[in-house]
Amino acid sequence: MRKPRDFDSELKALEDKARELKAKKVQQFGELVIATVADNLSVEELAGALIALTEITDAAKKESWAKRGQAFFRGKSRRSASTSDRDNGSTRTQPGGTQPASGATGAA
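This structure is a prediction, so every number in the text was calculated from the model and none was measured. (Residues numbered from 1 in each chain as written. Predicted model: local features only at pLDDT ≥ 70, side-chain atom pairs only at ≥ 80, totals over all residues. Heavy atoms only, no water.)

## Things to note about the overall build of the protein chain
A tally of regular secondary structure across the protein chain gives four helices and zero strands. Secondary structure of the protein chain in N-to-C order comes out as α-α-α-α. Within the protein chain, buried positions represent 7% of all 108 residues. For the protein chain, the exposed surface amounts to about 9200 Å²; the carbon and sulfur share of it is 57%. (Helix = DSSP H or I, 4+ residues; strand = E, 2+ residues; numbered from the N terminus. Buried < 20%, exposed > 50% of the residue type's maximum accessible area, 1.4 Å probe, protein only. Areas by Shrake-Rupley, 256 points an atom, 1.4 Å probe, with all protein chains shown as cover.)

## Some points on the packing of aromatic side chains
Applying the stated criterion across every chain, the model contains one aromatic pair. With a centroid separation of 5.3 Å and an interplanar angle of 70 degrees, the aromatic rings of Phe72 and Phe73 are classed as edge-to-face. (Phe/Tyr/Trp six-rings, centres within 6.5 Å; stacked < 30°, edge-to-face > 60°.)

## Focus on the environment of Ala38
Within the secondary structure layout, Ala38 lies in the loop between helix H1 (7-35) and helix H2 (43-55). What makes Ala38 buried here is its relative accessible area of 15%. Those residues in contact with Ala38 that sit more than four places away from it in its chain are Val33 and Leu46. (Contact = heavy atoms within 4.5 Å.)

## Focus: the pattern of salt bridges
Counted according to the given criterion, the structure contains three salt bridges. Asp16 is paired through a salt bridge with Lys12; the nearest N and O atoms lie 3.3 Å apart. Of this pair, Asp16 and Lys12 both sit in helix H1, separated by four residues, roughly a single helical turn. Owing to a relative accessible area of 24%, Asp16 belongs among the partly exposed residues under this scheme. Among the charged side chains, a salt-bridge network with shared partners connects Lys12, Asp16 and Arg19. (Salt bridge = Lys/Arg side-chain N within 4 Å of Asp/Glu carboxyl O.)

## Some details on the confidence of the model for the protein chain
When pLDDT is averaged along the protein chain, the result is 79; 69% of the residues meet or exceed 70. Note that residues 81-108 has pLDDT below 50 and, in this model, 16 contacts with residues that lie over four places away or in other chains. (pLDDT = per-residue confidence, 0-100.)

## Examining unusual backbone geometry
Phi angles above zero are rare outside glycine, and Val37 is one such case at about 65 degrees. Relative to the helices and strands, Val37 is located in the loop between H1 and H2.

Here it is in structure tokens:
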């Protein structure tokens, strides 16, 4: 005879996993905002810019933004590898650092 499944514990485990994934997504978004220096914008400006971006339907513009994003991430990984070899005293924010409270609440 089979052991009955504990649906309640499985559901709780899935809910916990979903909460972890959402928290990770918010943290990564905050890190992206900081890495792109968009944290210099007010929450209202950043929200307005994001809303405007979602309203644009021009495929060519979106493709251009995707290429810029890819170049940003490729350039960032090369930069972080070269700057890790030397300590130049800069205060560059590293991924995985703590997030300011305003960035986390504004991004969610």
